[in-house]
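# Per-entry structural report
These are the residues of each chain, in order.
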Amino acid sequence: MKRITAWRRRPWAGYAVVLAALAAIGVVYAGFSPQTERAEAKSSAQLAQDLKNGQELFNKNCASCHGLNAEGTKDANGKPLAPSLIGVGAASVDFQVSTGRMPAMNPGAQVPRKRPIPAFDTSIKTDYEDPKEREHAEKQKAQAEKNLRDLRAYVQSLGGGPEVPPASAVDPKDGDVALGGKLFRTNCAQCHNFTGQGGALTGGKYAPPLSGDDVTPTQMYEAMLTGPQAMPVFNDTTLTPKEKQAIIAYLVQTREEPNPGGNGLGRIGPVSEGLAGWLIGIGLLVLAAMWITAKKPKKLKKS
């Protein structure tokens, strides 16, 4: 004990303690730092690999129309053939590719919705009874989801733009249905019909139906955010994220509403109902009148 006390009283003892503490900190840091650096390096390498895969997918499926640098293309007369994708963002890519509109088969007035190509088809059936078929389908779906993520990330890296909304922003359970109905009738019903059945526009264009289960809440949000084709852009200053979520809640609830009159007749309003009234109701009355007048009265017997 006396030796320790005597050692502590020496003038260089304080420096020794500081040096020992620094050495201990260095040992601890050396133990953790390599793992952190390795994790960061692995993450950077994976990100670079994902972007490379996205670029390869872009060159294979998109560059023929949009250009190798996504700058867009024009014909010999300078008329745009395909728009530039610089700055459109991941949300636009996700909407166009997940709905099968891109890659486009036959460009025209409006590109229709179709099943996505196999490389991006995330709706692959996986509920097979055979374990091998189920495993194969699950691998295909996982690869398609990764391809779509990589393509989105690559286009996003070219010039930024709107990101894909998180699941919490598109959950219809958290949306105000009453507010959504009011906003939809004000901003969307002129083209999509007040129940989302779609409708014809000018120049061979049309507003697609929103009533099918294949139209996901994420795709609805992305459409409002990016304004595909003839649709205007409803950015966050025009419709806030909560208002977009309210519209999604209204559309999802509309799908589940029953038809109290029997057949919904497409839910396109008085046009279909009036047509059914004329063709069926008045038609039956005309047939009844014709049947009555066709019967000849019996001649009265002479008394």
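Above this text is the structure in question.
Fair warning: this is a prediction, and the values are worked out from it, not measured in the lab.

With that settled, the discussion passes to the packing of aromatic side chains. Here the structure, examined in full by the defined rule, presents two aromatic pairs. A ring pair is formed by Phe58 and Tyr154, whose centres lie 5.6 Å apart and whose planes are at 50 degrees; its orientation type is tilted. Here the residue Phe58 occupies a position in helix α2 (residues 13–61), and Tyr154 occupies one in helix α5 (residues 131–159), the gap between them amounting to 96 residues. Each member of the pair, Phe58 as well as Tyr154, is classed as buried. The cationic tip of Lys244 hangs over the ring face of Tyr221; the distance from NZ or CZ to the ring centre is 5.7 Å.

Moving on, we get to the layout of surface pockets. By volume, the largest pocket is sized at about 890 Å³. Taken together, 35 residues form the lining of the largest pocket, with His66, Ala82, Pro83, Gln96 and Met102 sitting closest to its centre. Of all the elements, helix α4 (residues 89–98) adds the most residues to the lining of the largest pocket, at four residues. Each residue belonging to the lining of the largest pocket can be placed in one class, and the counts come to 22 nonpolar, 11 polar and two charged. Taken as a whole, the second largest pocket spans an internal volume of roughly 560 Å³. Lining the second largest pocket are 30 residues, with His192, Pro208, Leu210, Ala223 and Met231 positioned closest to its centre. Only α7 (177–187), α8 (189–192), β4 (206–207), α9 (217–226) and α10 (241–256) provide two or more residues apiece to the lining of the second largest pocket. Element by element, the count of residues in the lining of the second largest pocket is highest for α9, at four residues.

Here we come to the nonpolar core. Counting 20 residues, the largest nonpolar core has Phe184, Tyr221, Met224, Leu239, Ile247, Ile248 and Leu251 as its most contacted members. Elements with a contribution of two residues or more to this core: α6 (167–170), α7, α9 and α10. Ranked by residue count, the leading element in this core is α10, at five residues. Core analysis: the second largest hydrophobic core is formed by 13 residues, Val97, Phe120, Leu148 and Leu151 among them.

Enumeration over the complete set of coordinates arrives at eight salt bridges. The closest approach of N and O atoms between Asp94 and Arg152, which form a salt bridge, is 2.9 Å. Placement of the pair is Asp94 in helix α4 and Arg152 in helix α5, with a sequence separation of 58 residues. Like Arg152, Asp94 is buried. Across the salt bridge formed by Arg113 and Asp214, the nearest N and O atoms sit 3.4 Å from each other. Within this pair, whereas Arg113 is found in the loop between α4 and α5, its partner Asp214 is found in the loop between β4 and α9, the two being separated by 101 residues in sequence. Here Arg113 falls in the partly exposed class, since its relative accessible area comes to 31%. The structure contains a network of salt bridges with shared partners spanning Asp50, Lys146 and Asp150.

Rules and cut-offs
Residues numbered from 1 in each chain as written. Predicted model: local features only at pLDDT ≥ 70, side-chain atom pairs only at ≥ 80, totals over all residues. Heavy atoms only, no water. Phe/Tyr/Trp six-rings, centres within 6.5 Å; stacked < 30°, edge-to-face > 60°. Helix = DSSP H or I, 4+ residues; strand = E, 2+ residues; numbered from the N terminus. Buried < 20%, exposed > 50% of the residue type's maximum accessible area, 1.4 Å probe, protein only. Lys NZ or Arg CZ within 6 Å of the ring centre and 35° of its normal. 1 Å grid on protein atoms, 1.4 Å probe; cavity = no way out; pocket = protein on both sides within 12 Å on 5 of 7 lines; lining within 4 Å. Points joined across faces, edges and corners; volume = space filled by probe spheres on them. Nonpolar A, V, L, I, M, F, W, Y, C, P; charged D, E, K, R; others polar. Core = buried A, V, L, I, M, F, W, Y, C linked by side-chain atoms within 4.5 Å. Salt bridge = Lys/Arg side-chain N within 4 Å of Asp/Glu carboxyl O.

These figures come from the coordinates and say nothing about function on their own.
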